[in-house]
Amino acid sequence: MTVDVAGAAAELQAADDILILTHRRPDGDTTGCAGALCRALRQIGKTAYILENPEITRRYAPLIVPCYPPEGFVPRYVVSTDIAEEKLFPDPAEQYKGKVDLVIDHHGSNIGFGHKNLIRPDAGGCAEVLYDVINALGAKFTTDIAECIYVGVSTDTGCFKYSNTTAHSHAVAAACLTAGIDGGEINRALFETKTMPRFQMERVVFDTMEFYENGAIAVAMLWRADIDYAGADMDDLDSIASLTRQIEGVQIGITLTENKDKTVKVSVRTTKEMDAAAICQKCGGGGHIRAAGASFDCGMEAAKAAILRAAQEQYHAKQ
């Protein structure tokens, strides 16, 4: 069942003992949403926690780790934030498949796997939707909540550079600044500061990049050996997929990352001429029109061949 912002707020106001879920390989949006919602619910007197996510990185850990539940906590109401489908649940959330009471999301590919679903594909980040929900809850927009929301919106819009950035994105950011956050410092930490391993991985991206269709498609491969040699972790690899799209003339940027278990994560970024989600859906993945992903267990070369074939099919269909 689909609900609007007021309906979602009413659901949360009537609930208690609430557990909030984040997705696999958590980014700034899912963690920012969960952190903001948990803090807002506690402010209005609810018992709320965020389920542990074993893949959380050091960059986003402060947003959700302080909200992990105590041993023995049994939720009576489950909410997912920024999760497009149940297969993106982290391992601890597997037990909640088919049991999510409220889905809050902004992915157009989300078919609504919750009992109630608030899905707004028009939003640049799910955190924009959470901002509206928090206001409808009547919670005070405190600095700690605003920081979570700002991280979510800014990371999913590429610091307000991506095409999914809307007037509402900027309005939400303005509200966060009005609430007292240090936007400049957050932007510096998220978008300008690089660890040495991150710097080395960016070099690998450019060293391995190959071009197809007269430069319209770029493919970079991050092999596990290179990642381990650099000492990079998932935090160092956050948003690295956007580098392929920065080359003039590239319409489809593809980054393949070899995981420790030899499975492959593929990230696709496109310009306005192409649809990243449509490309990834051909390989069992999904996401947004300009940013999407897929997973493979067939090895790097086979994964590259499959995603490149899907990208070339769309490229030629658009010509």
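Residues numbered from 1 in each chain as written. Predicted model: local features only at pLDDT ≥ 70, side-chain atom pairs only at ≥ 80, totals over all residues. Heavy atoms only, no water.

Caption draft 1: Spatial organisation of the overall build of the protein. Looking only at helices and strands, one finds 12 helices and 11 strands in the protein. Whereas a compact globule of 319 residues would reach a radius of gyration of roughly 20 Å, the protein reaches 19 Å, a difference of no more than 12%. Of all 319 residues assigned to the protein, the portion counted as buried reaches 55%. When contacts within the protein are restricted to residue pairs at least 6 apart in sequence, long-range pairs at least 24 apart make up 65% of them. Of the roughly 13,500 Å² of accessible surface on the protein, a fraction of 51% belongs to carbon and sulfur atoms. Distance from the positive charge centre (31 side chains) to the negative charge centre (43 side chains) of the protein: 1 Å. (Helix = DSSP H or I, 4+ residues; strand = E, 2+ residues; numbered from the N terminus. Rg over C-alpha atoms; globule rule 2.2 N^0.38 Å. Buried < 20%, exposed > 50% of the residue type's maximum accessible area, 1.4 Å probe, protein only. Contact = heavy atoms within 4.5 Å. Areas by Shrake-Rupley, 256 points an atom, 1.4 Å probe, with all protein chains shown as cover. Lys, Arg positive; Asp, Glu negative; His and termini not counted. Charge placed at Lys NZ, Arg CZ, Asp CG, Glu CD.)

Caption draft 2: Quick look at the pattern of salt bridges. Enumeration according to the criterion identifies 18 salt bridges in this entry. The closest approach of N and O atoms between Asp-233 and Arg-58, which form a salt bridge, is 2.4 Å. Note that Asp-233 is positioned in the loop between α9 (224–230) and α10 (234–237) and Arg-58 in the loop between β2 (48–50) and α3 (61–64), a separation of 175 residues in sequence. Given a relative accessible area of 33%, Asp-233 falls into the partly exposed group. (Salt bridge = Lys/Arg side-chain N within 4 Å of Asp/Glu carboxyl O.)

Caption draft 3: Focus on helix α4 (residues 126–137). In this model, α4 (12 residues) spans 17 Å end to end at C-alpha, consistent with the 16 Å of a helix rising 1.5 Å per residue. Of all the 12 residues making up α4, 10 are buried; the element is thus mostly covered by neighbouring parts of the structure. Gly-138 occupies a position one or two residues after α4 and carries a positive phi of about 85°. (Expected span 1.5 Å × (residues − 1).)

Caption draft 4: How the structure looks around the packing of aromatic side chains. Overall, the coordinates contain four aromatic pairs when judged by the stated rule. Ring geometry for Tyr-49 against Phe-73: centres 4.8 Å apart, planes inclined by 65°, an arrangement best described as edge-to-face. Of this pair, Tyr-49 sits in strand β2 while Phe-73 sits in the loop between α3 and β3 (77–81); the two residues are 24 residues apart in sequence, bridging distant segments of the chain. The pair formed by Tyr-49 and Phe-73 is uniform in burial state, with each residue classed as buried. Arranged with centres 5.1 Å apart and planes meeting at 80°, the rings of Tyr-131 and Phe-141 form a pair that is edge-to-face. Of this pair, Tyr-131 sits in helix α4 while Phe-141 is found in the loop between α4 and α5 (143–156), placing the two residues 10 residues apart along the sequence. When sorted by exposure, Tyr-131 lands in the same class as Phe-141, which is buried. Here the guanidinium or amino end of Arg-245 rests over the ring plane of Tyr-162, the centre of that ring lying 4.9 Å away. (Phe/Tyr/Trp six-rings, centres within 6.5 Å; stacked < 30°, edge-to-face > 60°. Lys NZ or Arg CZ within 6 Å of the ring centre and 35° of its normal.)

Caption draft 5: Focus on the pairing of strand β11 (residues 291–296). Burial along β11 is one-sided: Ala-292, Ala-294 and Phe-296 are buried, while Ala-291, Gly-293 and Ser-295, pointing the other way, are not. For strand β10 (residues 286–287) and β11, the ladder comprises two bridges, and the chain directions are antiparallel. Among the inter-strand pairings, Gly-287 is bridged to a residue of β11, identified as Ala-292. In this structure, the hairpin formed by β10 and β11 is closed by a connection of three residues. (Pairing = 2+ DSSP bridges.)

Caption draft 6: Looking closely at the environment of Ile-83. Within the secondary structure, Ile-83 sits in the loop between β3 and β4 (102–105). Judged by its relative accessible area of 0%, Ile-83 falls in the buried class. For the pair Ile-83 and Asp-27, spaced 56 residues apart in the sequence, the C-alpha separation amounts to 11 Å. Not counting the four nearest positions on each side in its chain, Ile-83 is found in contact with Leu-21, Thr-22, His-23, Leu-88, Phe-89, Asp-105, Asn-110 and Phe-113.

Caption draft 7: Spotlight on the packing of helix α2 (residues 28–43) against α5. With their axes 8 Å apart at the nearest point, α2 and α5 run at an angle of 160° to one another. The angle between α2 and α5 falls in the class roughly antiparallel. The chirality of how α2 crosses α5 is left-handed. Where α2 abuts α5, its residues Gly-28, Asp-29, Gly-32, Gly-35, Ala-36, Arg-39, Ala-40 and Gln-43 lie against Asp-144, Ile-145, Cys-148, Ile-149, Val-151, Gly-152, Thr-155 and Asp-156. (Axes fitted to C-alpha atoms, helices over the stretch in contact; angles between N-to-C directions. Parallel < 35°, antiparallel > 145°, perpendicular 65-115°, else oblique. Left-handed = near helix turned anticlockwise from the far one by under 90°.)

Caption draft 8: Local environment of the sheet that holds strand β9 (residues 264–270). The six strands are arranged β6-β7-β8-β9-β11-β10 in an open sheet whose pairing can be described as mixed. With one partner strand each, in any of the chains shown, β6 (210–212) and β10 form the two edges of the open sheet. The sheet strands contacting helix α8 (residues 196–208) are β6 and β7 (217–222), and the helix crosses β7 at an angle near 130°.

Caption draft 9: Molecular detail of the packing of α5 against helix α7 (residues 183–192). Axis separation between α5 and α7 bottoms out at 11 Å; the angle between their running directions is 50°. In terms of their interaxial angle, α5 and α7 are classed as oblique. Remark: the crossing between α5 and α7 carries right-handed chirality. Contact with α5, carried on its side by Glu-147, Tyr-150, Val-151, Ser-154 and Thr-155, involves Gly-183, Ile-186, Asn-187, Leu-190 and Phe-191 of α7 and no other residues of that element. Classifying every residue of the contact of α5 with α7 by side-chain character gives five nonpolar, four polar and one charged. (Nonpolar A, V, L, I, M, F, W, Y, C, P; charged D, E, K, R; others polar.)

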